[in-house]
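Residue strings, one per chain:
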Amino acid sequence: MAKAPFNIQDQYLNQSRKERVRVAVTMMSGTKLEGFIKSFDNFSVLLDATCDILIYKHSIATITSADGTFRLHQ
């Protein structure tokens, strides 16, 4: 059975979700959102901020930890 291909996007989102890392999401429009990743799939990210925000991935420019300390485990 073939192993699933390496997917750095899923690894980053999943690790930050599991560790409850506060993330800063910068949208293509320049808008910045902060919160916790609640869930994600191939097309969207559910951000837990003051309310749940469903964000389509094609509208995201960057995602980073809010405090800049998060590192992806390899």
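So, here's what we can say about the structure. Not measured: the values here are computed from a predicted model. (Residues numbered from 1 in each chain as written. Predicted model: local features only at pLDDT ≥ 70, side-chain atom pairs only at ≥ 80, totals over all residues. Heavy atoms only, no water.)

With respect to the secondary-structure elements, S65 resides in strand β5 (residues 60-65). Reaching out from S65, the side chain makes a polar contact with the backbone nitrogen of G68 at a distance of 3.1 Å. Beyond its immediate chain neighbours, meaning those up to four positions away, S65 contacts Y12, V21, R22, V23, A24 and F70. (Helix = DSSP H or I, 4+ residues; strand = E, 2+ residues; numbered from the N terminus. Polar contact = N/O pair within 3.5 Å; in protein donor to acceptor, adjacent residues only side chain to side chain. Contact = heavy atoms within 4.5 Å.)

Another aspect to go through is the environment of D41. Tracing the backbone shows D41 in the loop between β2 (32-40) and β3 (44-48). We classify D41 as partly exposed; its relative accessible area is 39%. Separated by 28 residues in sequence, D41 and L13 have C-alpha atoms that sit 9.7 Å apart. A distance of 2.8 Å separates a polar atom in the side chain of D41 from the backbone nitrogen of F43. (Buried < 20%, exposed > 50% of the residue type's maximum accessible area, 1.4 Å probe, protein only.)

Relative to strand β4 (residues 52-56), β3 runs antiparallel, the two sharing 5 bridges. The residue of β4 that forms the bridge with S44 is Y56. Linkage of β3 to β4, two consecutive antiparallel strands, is achieved through a turn of 3 residues. (Pairing = 2+ DSSP bridges.)

Attention now moves to unusual backbone geometry. Residues other than glycine seldom take positive phi values, yet R20 does so here, at roughly 50°. Mapped onto the secondary structure, R20 falls in the loop between α1 (8-18) and β1 (22-27).

A full pass over the atoms with the stated rule returns 1 aromatic pair. Between Y12 and F70 the ring centres are 5.1 Å apart and the planes differ by 90°, which places this aromatic pair in the edge-to-face class. Note that Y12 is positioned in helix α1 and F70 in the segment after β5, a separation of 58 residues in sequence. Accessibility classification places Y12 together with F70 in one group, the buried group. The lysine or arginine in question, R20, covers the ring of F36, its NZ or CZ lying 4.3 Å from the ring centre. (Phe/Tyr/Trp six-rings, centres within 6.5 Å; stacked < 30°, edge-to-face > 60°. Lys NZ or Arg CZ within 6 Å of the ring centre and 35° of its normal.)

We now examine the nonpolar core. Among the nonpolar cores identified, the biggest contains 12 residues, and these are Y12, L13, V21, V23, V25, M27, I37, V45, L47, I55, I60 and F70. Of all the elements in the fold, those that place two or more residues in this core are α1, β1 and β3. The leading source of residues in this core is β1, at 3 residues. Residues contacting M27, with those up to four places away along its chain left out, are L33, I55, S59, I60 and A61. (Core = buried A, V, L, I, M, F, W, Y, C linked by side-chain atoms within 4.5 Å.)

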